[in-house]
Amino acid sequence: MHESGRSAPRTVVVVPARGGSQGVPLKNLRRVGGRSLLARAVTTSLAAPSVDLVVVSTDHAQIAEEARLSGARVVHRPADLAGDTATSESAVLHALDALAADGIVPEVTVLVQATSPFIDPAALERAVRRVLDGHDDAVLAAAPTHAFTWRDDAGRAVAVGHDASHRPRRQDREPLYRETGDFYVMRTAGLREAGHRFFGRTALEIVAEEAAVEIDSLLDLAVAQALAAHVDAAGTLDVDAVVTDFDGVHTDDHALVDGSGREFVRVHRGDGLGVGHLRDAGIPLLILSKERDAAVGARAHKLGVEVQQGVDDKASALRVWLRQNRLDPRRVAYVGNDINDLPAMELVGWPVAVADARPEVLAAARVVLASSGGHGAVREVADRVLRARGSRS
């Protein structure tokens, strides 16, 4: 139960998200899997049933707005707590003081870092319950590692955590655990007394090694973007409208040209059935195409779908269409395949890439389809949208 359902939250998540970042400017607003790192942190935290309230501590107006849109409460962090040397604990304690001024004193405080994009809500919930139920005072996320680690001692290699004379197989070796930075769950009173996140009975919540990514650099960001389609569970598309490119989505991005210069494209019959199901469900559809081709208009007419052709600035056209149809961009899917789709994909809450999309598009997508353009991609989108509708009914 969240803030609206309980006057005295037992568990509060604090997400520190300052505007300054040396390695990646405005890092917390960078997108992974089609959503900002901040939005991922907030929505993941709210998905844990024992979390009652999520607070974002920030000094930046754009981050504050993103936090509110994602469902978090905002605490404005003063400049002296927003510099490079400020600790996460200082931000958390400042947020707790701000909440206490409003009469909110949680039993459990959770530090969630937006730079960890693949937090598992189930793991977070288990960690929170361990502190709420009195088993532990503090719990941190950690991933197993079987790496052989060493340190340099005045130019000499010294084994750490293993016997260098004995090299057991991975499966025969007890793992060590790496702090992932995903989350830190703490009894609030203990945090205030200790002034840091490790105190009392401190325990580990083991998370998947392959999802334990922490973003500190542009390379880390690129790795996370590449992993998102494999790590995120995206079986459904919970949207109110669907917008698609044409070439490379409804087609396989190839064309046949006859001797007179006429072009012919190939489409998928299953896509037509999927569009019909969406239309029957009352879900608005729009085709946005850069090309002005008779085939595009003819296909849209047959499908009964609104179409705009010859669109060079898809983002501007999409903004107008969303406004005219009074649609929340966060509840809209845009399906693309090439780099000219990227500005439009950034406008919506559900950017979708066909399986054979350009790498830049795959990295920007919240959902990567199993189907390629012209091979049932639109039908797959329709099935996912209708599946989400069915799960909500």
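Residues numbered from 1 in each chain as written. Predicted model: local features only at pLDDT ≥ 70, side-chain atom pairs only at ≥ 80, totals over all residues. Heavy atoms only, no water.

Next up on the list: a nonpolar patch on the surface. On the surface, Tyr177, Leu204 and Ile206 cluster together into a nonpolar patch covering about 250 Å² of accessible area. Mapped onto the fold, Ile206 is located in strand β11 (residues 202-206). (Patch = residues over 30% accessible without salt bridge, like charges linked within 9 Å, V, L, I, M, F, W, Y side chains within 5 Å. Areas by Shrake-Rupley, 256 points an atom, 1.4 Å probe, with all protein chains shown as cover. Salt bridge = Lys/Arg side-chain N within 4 Å of Asp/Glu carboxyl O. Helix = DSSP H or I, 4+ residues; strand = E, 2+ residues; numbered from the N terminus.)

With the exception of glycine, most residues fall at negative phi, and the peptide bonds are largely trans. The backbone phi angle of Asp253 is positive, close to 70°, even though this residue is not glycine. Note on Asp253: relative accessible area 44%, which makes it partly exposed. Backbone geometry at Arg326 places phi at a positive 55°, although glycine is not the residue there. Relative to the helices and strands, Arg326 is located in the loop between α9 (314-324) and β17 (332-336). By relative accessible area, which is 79% here, Arg326 ends up exposed. (Buried < 20%, exposed > 50% of the residue type's maximum accessible area, 1.4 Å probe, protein only.)

All right, on to the environment of Leu318 then. As for its position among the elements, Leu318 is in helix α9. Distance from Leu318 to Leu204, taken between C-alpha atoms, is 46 Å for residues 114 residues apart in sequence. When neighbours within four sequence positions are excluded, Leu318 is seen to be in contact with Val243, Leu288, Tyr334, Ala344, Leu347 and Val348. (Contact = heavy atoms within 4.5 Å.)

Right, let's get into helix α6 (residues 218-231). Along an α-helix, residues three or four apart share an orientation, since each turn contains 3.6 residues. Relative to the 20 Å expected for 14 residues at 1.5 Å per residue, α6 spans 19 Å between its end C-alpha atoms, a close match to the ideal helical length. Of all bends in α6, the biggest is about 25°, found at Gln225. Burial in α6 covers these residues: Leu221, Ala224 and Ala228. (Expected span 1.5 Å × (residues − 1). Bend = angle between axes of the 7 residues up to and from the residue.)

Summed over all chains, the structure comprises one aromatic pair. For the cation-ring pair, Arg366 lies above Trp350, with the distance from its terminal atom to the ring centre recorded as 3.6 Å. (Phe/Tyr/Trp six-rings, centres within 6.5 Å; stacked < 30°, edge-to-face > 60°. Lys NZ or Arg CZ within 6 Å of the ring centre and 35° of its normal.)

On to the side chain of Asp52, then. Mapped onto the elements, Asp52 comes out in the loop between α1 (37-46) and β4 (53-58). A polar atom in the side chain of Asp52 sits 2.9 Å from the backbone nitrogen of Arg10. (Polar contact = N/O pair within 3.5 Å; in protein donor to acceptor, adjacent residues only side chain to side chain.)

The next subject is the sheet that holds strand β15 (residues 285-288). In spatial order, the strands read β16-β15-β12-β17-β18-β19; together these six strands make up an open sheet with parallel pairing. The open sheet has two free edges, formed respectively by β16 (306-308) and β19 (367-368), since each of these has just one partner strand. Taken together, the four bridges between β17 and strand β18 (residues 350-353) define a ladder with parallel strand orientation. Bridge pairing links Tyr334 to Pro351 in β18. (Pairing = 2+ DSSP bridges.)

Once that is clear, we can look at the side chain of Arg299. Turning to its location among the elements, Arg299 is positioned in helix α8 (residues 294-303). Buried within the structure, Arg299 lacks any salt-bridge partner; its nearest side chain of opposite charge belongs to Asp271, at an N-O separation of 5.7 Å. Within polar-contact distance, the side chain of Arg299 engages the backbone oxygen of His268 at 3.4 Å. Residues contacting Arg299, with those up to four places away along its chain left out, are Phe246, Val267, His268, Asp271 and Gly272. (Lys, Arg positive; Asp, Glu negative; His and termini not counted.)

A separate point is the sheet that holds strand β7 (residues 138-145). Taken in spatial order, the seven strands make up an open sheet running β5-β4-β1-β6-β10-β7-β11, and their pairing is mixed. Two strands bound the open sheet, and with one partner strand each, they are β5 (73-76) and β11. Across the sheet, the mean angle separating the axes of adjacent strands is 30° when strand polarity is ignored. Where strand β6 (residues 108-112) lies against strand β10 (residues 176-187), five bridges are found, and the strand directions are antiparallel. From the neighbouring strand, Thr109 faces β10, where its bridge partner is Met186. Its contacts with the sheet put α1 on β1 (11-16), β4 and β6, and the angle it makes with β4 is roughly 155°. Sitting on the sheet, helix α3 (residues 88-101) is in contact with β1, β4, β5 and β6, with an inclination near 110° to β5. (Axes fitted to C-alpha atoms, helices over the stretch in contact; angles between N-to-C directions.)

Next up on the list: the pattern of salt bridges. A full pass over the atoms with the stated rule returns 23 salt bridges. Here Asp137 ties to Arg187 by a salt bridge, and the two come within 3.6 Å at their closest N and O atoms. Residue Asp137 is located in the loop between α4 (121-132) and β7, and its partner Arg187 is located in strand β10; the two are separated by 50 residues in the primary sequence. Judged by relative accessible area, Asp137 falls into the buried class, the value being 14%. Close ionic contact of Asp312 with Lys290 constitutes a salt bridge, the shortest N to O distance being 2.9 Å. Residue Asp312 is located in the loop between β16 and α9, and its partner Lys290 is located in the loop between β15 and α8; the two are separated by 22 residues in the primary sequence. A residue is classified by how much of its surface remains accessible, and Asp312, at 61% relative accessible area, is exposed. One connected set of salt bridges, linked through shared partners, spans Arg10, Glu107, Asp137, Arg187 and Arg201.

Consecutive residues of a regular strand have side chains that alternate between opposite faces of the sheet. Of the two faces of β18, the one lined by Trp350 and Val352 and the one lined by Pro351 and Ala353 are each fully buried. With two bridges joining them, β18 and β19 adopt parallel strand pairing. Note that in β19 the partner of Val352 across the bridge is Val367. Each parallel crossover has a hand, and the one from β18 via helix α11 (residues 359-364) to β19 is right-handed. (Right-handed = clockwise from strand over helix to strand, strands pointing away.)

Further remarks concern the confidence of the model for the protein. Across the protein, the average pLDDT comes to 90, with 97% of residues at 70 or higher. No element of the protein has a lower mean pLDDT than strand β14 (residues 263-264), at 80, and none a higher one than β6, at 98. Overall, residues 1-6 carries pLDDT values under 50, and its contacts beyond four positions in sequence, including any with other chains, amount to 12 contacts. (pLDDT = per-residue confidence, 0-100.)

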